[in-house]
Amino acid sequence: MRFDRERAEQLFMDAAGWDRSSSTAELLSVDDERTPWEGSLFSVDQLPVAPELREVCLFRYIRTHARAEQLDELLALARQLEARPAEFELPLAHLRVLDAYFTYRQGDNRRALELLEAEIPRVQKQPPSGYGDYVHIQALVHLGACYESGGNLFQTELCYRQALRIATRRGLFKRYEVEGCLAKVLWASGQHAEALELHRGEEARRVAAASHEYRFLADSHLSAAKCAVDLKDEVMAAEELAQAARLIECHPELGGVPRGYLLLFGGELETLRDNVDTALDQLTRAVSHFERLDSPCHQGAIQAKTSLCHFALFEGDFRLANTIIKKLLQEADEKDCVEARGRLLLLESFLYLTDEPPARSSFESLIRRLHLINNPALLFHALGNLYTYALEFLDEPEQAFLLARIRNLRPLLKRSCYQDLYQNYVTKRYEYAIENRLARYLQNDLEGEWERIEAEVE
């Protein structure tokens with residue numbers, strides 16, 4: 001039987017997942033067509049006759065096996081389709097994008113970038129279709145992840161925003177997943193308020209609830225809670241954590257990593273509230289939970305240990321804090337936790353803002369290791385801390401070196417983000433550092449002088 005384009009688009013959108021609940025399998029059974037995407041792939045010749053329906057079958061097969069990371073099956077399919085490329089352009093593009101994604105997952109970021117940058121123009125030249133847009137969205141999301149791994153948050157944000165525009169135009173549920181990716185990169189670059197707004201999107205949560213996407217919902221509430229904690233909004237953080245807790249209690253499949261982050265962010269909220277004992281208890285439980293999972297979540301465990309390390313800093317025990325940071329950095333390297341390592345190096349840079357900064361040799365060691373921070377916003381913050389130290393204790397060449405490294409981050413951050421960071425960690429601190437340095441040479445206490453004059457006037 002023949003399918004018109006509108007009918008084919010409806011079938012694809014049902015298969016890909018959008019805002020209305022319908023079943024492609026049911027539609028296909030009504031049309032008495034075979035649904036050969038289940039199980040191991042047969043010969044391509046077993047696919048339905050209608051080209052549009054073949055694409056829907058191949059899409060579902062590819063997505064199912066990609067989610068299960070069954071790469072051998074995908075490779076076998078690619079070999080069959082490559083023998084007839086003119087008939088299967090979009091499924092082949094889908095497979096090439098997935099190949100780039102798994103290449104990225106294996107750590108070859110440069111090769112993944114090359115594959116995606118070559119594939120995206122080819123996808124854009126295809127006739128407009130739901131499948132074409134889906135592959136384009138996937139390619140942009142994976143390209144954004146590659147840029148993020150390379151430390152270019154500006155390009156990452158651009159990729160996610162472009163993917164979001166396409167997904168929104170199509171009405172795909174995928175747009176909410178892309179929104180979540182965008183929110184996380186905004187958070188990573190210090191744009192916490194905008195990230196919080198995206199994570200708390202009512203429409204996304206309503207559609208996710210109707211579609212039983214409970215893992216998405218839990219991630220939405222937990223991510224929003226983290227943003228609220230960073231913004232020091234205790235009420236909103238508590239509200240989001242409460243909703244996440246209800247979901248996790250009702251759905252046992254969320255009892256793994258999500259429960260660990262519930263404990264972690266709950267501990268950070270209690271830290272914000274100055275409930276030290278409760279905070280320590282929750283953070284310790286978070287560490288234990290992450291490490292006892294069947295597949296331990298090393299990233300979460302180190303993040304929770306880093307939060308515990310903050311207590312040593314707050315208590316003014318800088319030697320203990322330095323010892324803990326070094327131990328956790330070693331663990332982050334062993335477990336290949338890149339993001340955790342970056343945040344630990346940032347934490348180490350805070351030691352140079354204390355009354356007992358480490359020795360000059362330690363300062364130079366940290367400078368050499370800062371290239372390991374792949375997040376330019378975190379790197380800016382760490383360099384800003386060291387620049388403040390340099391303004392007070394080091395000579396102008398060292399100050400100029402650090403300022404040059406800060407300015408080199410401009411291409412990697414959105415203009416407004418860079419300007420906010422520069423204002424907070426350079427401009428404001430320059431005045432503070434100069435005043436602090438010169439205070440050692442001032443003979444009179446200005447506050448005391450004011451009090452003396454006011455007493456005389458009275």
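Residues numbered from 1 in each chain as written. Predicted model: local features only at pLDDT ≥ 70, side-chain atom pairs only at ≥ 80, totals over all residues. Heavy atoms only, no water.

**Let's talk about the overall build of the protein chain**
The test is simple: Starting at the N terminus, helices and strands are each numbered in turn, a helix being any DSSP run of H or I of at least four residues and a strand any DSSP run of E of at least two. Only protein chains enter the accessibility calculation, which uses a 1.4 Å probe; a residue is then buried when its area is under 20% of its type maximum, exposed when over 50%, and partly exposed in between. Residue-level accessible areas treat just the shown protein chains as cover; the underlying method is Shrake-Rupley with a 1.4 Å probe.
When its secondary structure is counted, the protein chain shows 23 helices and zero strands. Looking at the protein chain residue by residue over its 458 residues, the buried ones come to 50%. If you sum the accessible surface of the protein chain, you get close to 23,600 Å²; carbon and sulfur atoms cover 49% of it.

**Looking at empty space enclosed by the protein**
Put simply, the rule reads: Think of a 1 Å grid over just the protein atoms. A cavity is a set of points where a 1.4 Å probe fits yet cannot get out, a pocket is an open set with protein on both sides within 12 Å along at least five of seven lines, and lining residues have an atom within 4 Å of a point. Grid points are joined across faces, edges and corners, and a volume is the space filled by probe spheres set on the points.
Enumeration over the complete set of coordinates arrives at two cavities of 30 Å³ or more. The computed volume of the second largest cavity comes to approximately 30 Å³. Taken together, Leu153, Phe154, Glu157, Ser189, Gln191, Leu413, Lys414 and Cys417 make up the lining of the second largest cavity. The biggest single contributor to the lining of the second largest cavity is helix H8 (residues 153-170), with three residues.

**Comments concerning the nonpolar core**
Considering soluble globular proteins, one finds that nonpolar side chains tend to be buried as a cluster. Here is the rule we go by: Think of a nonpolar core as a cluster: buried Ala, Val, Leu, Ile, Met, Phe, Trp, Tyr and Cys residues, connected wherever their side-chain atoms sit within 4.5 Å. Here, two residues are considered to be in contact whenever any of their heavy atoms come within 4.5 Å of each other.
Formed by 142 residues in total, the largest nonpolar core has its most connected members in Leu370 and Phe380. If we ignore the near neighbours within four places in the chain, the residues touching Leu370 are Leu379, Ala382, Leu383, Leu386 and Arg405.

**A word on the environment of Ser189**
How we decide: Pairing of N or O atoms within 3.5 Å defines a polar contact, subject to two protein rules: one partner must be a possible hydrogen donor and the other a possible acceptor, and residues neighboring in sequence count only if both atoms are side-chain atoms.
Structurally, the position occupied by Ser189 is in the loop between helix H9 (174-188) and helix H10 (192-199). Residues Ser189 and Asn375, spaced 186 residues apart in sequence, show a C-alpha to C-alpha distance of 7.6 Å. Reaching out from Ser189, the side chain makes a polar contact with the side chain of Gln191 at a distance of 2.7 Å.

**Some details on H9**
Formally: Expected helix span is taken as 1.5 Å per residue step, with the number of steps being one fewer than the number of residues.
Between its terminal C-alpha atoms H9 stretches 21 Å, which fits the 21 Å expected from 15 residues at 1.5 Å a residue. The element H9 is largely enclosed, with a buried count of 11 among its 15 residues. Residues Lys174, Arg175, Tyr176, Val178, Gly180, Leu182, Ala183, Val185, Leu186, Trp187 and Ala188 constitute the buried set of H9. In the segment just after H9, Gly190 is the residue with positive phi, at about 90°.

**As for the pattern of salt bridges**
Keep this limit in mind: Take a side-chain nitrogen of Lys or Arg and a carboxyl oxygen of Asp or Glu: if they are within 4 Å of each other, that pair is a salt bridge.
This model, assessed by the stated rule, comprises 30 salt bridges. Across the salt bridge formed by Glu194 and Arg161, the nearest N and O atoms sit 2.8 Å from each other. Here the residue Glu194 occupies a position in helix H10, and Arg161 occupies one in helix H8, the gap between them amounting to 33 residues. Among the ionic contacts, a cluster of salt bridges with common partners joins Glu157, Arg161, Glu194 and Lys414.

**Comments concerning the confidence of the model for the protein chain**
Using the following cut-off: Per-residue confidence from the predictor is reported as pLDDT, a score between 0 and 100.
Considering every residue of the protein chain, the mean pLDDT works out to 86; 86% of them sit at 70 or more. Within the protein chain, the lowest mean pLDDT, 35, falls on helix H2 (residues 24-30), and the highest, 97, falls on helix H13 (residues 234-250). Counted against residues more than four places away or in other chains, residues 19-41, with its pLDDT under 50, gives 50 contacts.

**Quick look at the environment of Leu351**
The topology assignment puts Leu351 in the loop between helix H18 (338-350) and helix H19 (360-369). Those residues in contact with Leu351, other than ones at most four positions away along the chain, are Leu313, Phe318, Ala321, Asn322, Ile325, Glu356, Pro357 and Pro358.

**Thoughts on helix H15 (residues 276-292)**
For clarity, the threshold we go by: Picture the helix axis, draw a direction to every C-beta atom, and the arc is the one those directions span.
Counted at 1.5 Å a residue, the expected span for H15 with its 17 residues is 24 Å, and the 24 Å between its end C-alpha atoms agrees. Every buried residue of H15 is accounted for by Ala279, Gln282, Leu283, Ala286, Val287, His289 and Phe290. One side of H15 carries all its buried residues, which in axial view fall inside an arc of 165°. Away from its buried face, by an angle of more than 90 degrees, H15 presents the exposed residues Asp277 and Arg292. Against the buried residues of H15 lie helix H14 (257-272) and helix H16 (298-314).

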